[in-house]
Amino acid sequence: MTQADYKQRFLQACVDYGALRFGQFTLKSGRVSPYFFNAGAFNDGNAFALLGECYAEAIAGVEFDGLFGPAYKGIPLATALSVTLAQQGRNVPVTFNRKEVKDHGEGGVLMCAEPSGRILLVDDVITAGTAVRQAMEQLKGVDVSALVVALDRQERGQGSTSAIQELRAQGLDVRTIVTLDDVLEFARATQSAEHVAAMVQYRETYGVLA
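A short tour of the structure in this document, coming up.

Definitions and limits used
Residues numbered from 1 in each chain as written. Predicted model: local features only at pLDDT ≥ 70, side-chain atom pairs only at ≥ 80, totals over all residues. Heavy atoms only, no water. Axes fitted to C-alpha atoms, helices over the stretch in contact; angles between N-to-C directions. Helix = DSSP H or I, 4+ residues; strand = E, 2+ residues; numbered from the N terminus. Parallel < 35°, antiparallel > 145°, perpendicular 65-115°, else oblique. Contact = heavy atoms within 4.5 Å. Nonpolar A, V, L, I, M, F, W, Y, C, P; charged D, E, K, R; others polar. Phe/Tyr/Trp six-rings, centres within 6.5 Å; stacked < 30°, edge-to-face > 60°. Lys NZ or Arg CZ within 6 Å of the ring centre and 35° of its normal. Disulfide = S-S within 2.5 Å. Salt bridge = Lys/Arg side-chain N within 4 Å of Asp/Glu carboxyl O. Buried < 20%, exposed > 50% of the residue type's maximum accessible area, 1.4 Å probe, protein only.

1. Focus on the packing of helix α2 (residues 45-58) against helix α3 (residues 74-87)
Axis separation between α2 and α3 bottoms out at 8 Å; the angle between their running directions is 75°. Here α3 runs roughly perpendicular to α2, going by the angle between their axes. In this structure, α2 uses Phe48, Ala49, Leu51, Gly52, Glu53, Tyr55 and Ala56 to contact α3, whose residues at the interface are Pro76, Leu77, Ala80, Leu81, Thr84 and Leu85. Of the residues belonging to the contact of α2 with α3, the class tally is ten nonpolar, two polar and one charged.

Below, the structure is given as structure tokens:
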């Protein structure tokens, strides 16, 4: 797949499964967004197979030794990516975390593989970066060197930069399957002029500075 191919396939799948919707949606921040992305809408084997392929394309050239999927949405996403990588001939360990510390059985907050070496975090979307920073705190002593997410909203936080820009400034290699610019280009080809105009206005109001 070329870069354009996997981005287009991903966005079309997002619409088909209802993971990407256009309209008016009030976000946790209070902003009214003309689009909404929810990776939790992917709900069958075909969807996860495609997700694994798209994440694998997005991380081309990234060096890592293991995957980490933050609870909850990062868990199936990291799993899908690990299966795709195994099918491509690369078997990598996968680690997940729990939202609550388990005080019985094996205990602890981490599960599956013991993290070691360079870790690639796998998640759906970053808003404030809170989940990523929590994951990095739980992985103390391990080299969290890269992050891949499905969507970069390219949206400012409280300041003039986005959480992804802040993480990159801290030295983290952040990759994305698509960005808001890609979503806007897709919308121009598939959505009404009203939806496109609303997205352009939203980008001008809340978009990050180049």
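After that view of the structure, there is still more to cover.
2. Here's the deal with the packing of aromatic side chains
Under the counting rule described, the total for this entry stands at five aromatic pairs. Seen from their ring centres, Phe10 and Phe42 are 6.4 Å apart, and the 35° between their planes marks the pair as tilted. Remark: Phe42 occurs in the loop between β2 (32-37) and α2 and Phe10 occurs in helix α1 (residues 3-17); sequence separation between them is 32 residues. Each member of the aromatic cluster is reached from another via a ring pair, and the members are Phe10, Tyr17, Phe37 and Phe42. Geometry around Phe64 places Arg90 over its ring, the cationic atom sitting 4.2 Å from the centre.

3. Here's the deal with the state of the cysteines
Counted according to the given criterion, the structure contains zero disulfides. The thiol sulfur of Cys54 is not disulfide-bonded, and the nearest other cysteine sulfur, from Cys14, lies at 8.4 Å.

4. Quick look at the pattern of salt bridges
Under the counting rule described, the total for this entry stands at eleven salt bridges. Of the charged contacts in the structure, one is a salt bridge between Arg31 and Glu155, with a shortest N-O distance of 2.8 Å. Remark: Glu155 occurs in the loop between β7 (143-152) and α5 (163-169) and Arg31 occurs in the loop between β1 (20-26) and β2; sequence separation between them is 124 residues. Residue classification places Glu155 among the buried residues on the basis of a relative accessible area of 12%. Close ionic contact of Glu137 with Lys140 constitutes a salt bridge, the shortest N to O distance being 3.1 Å.

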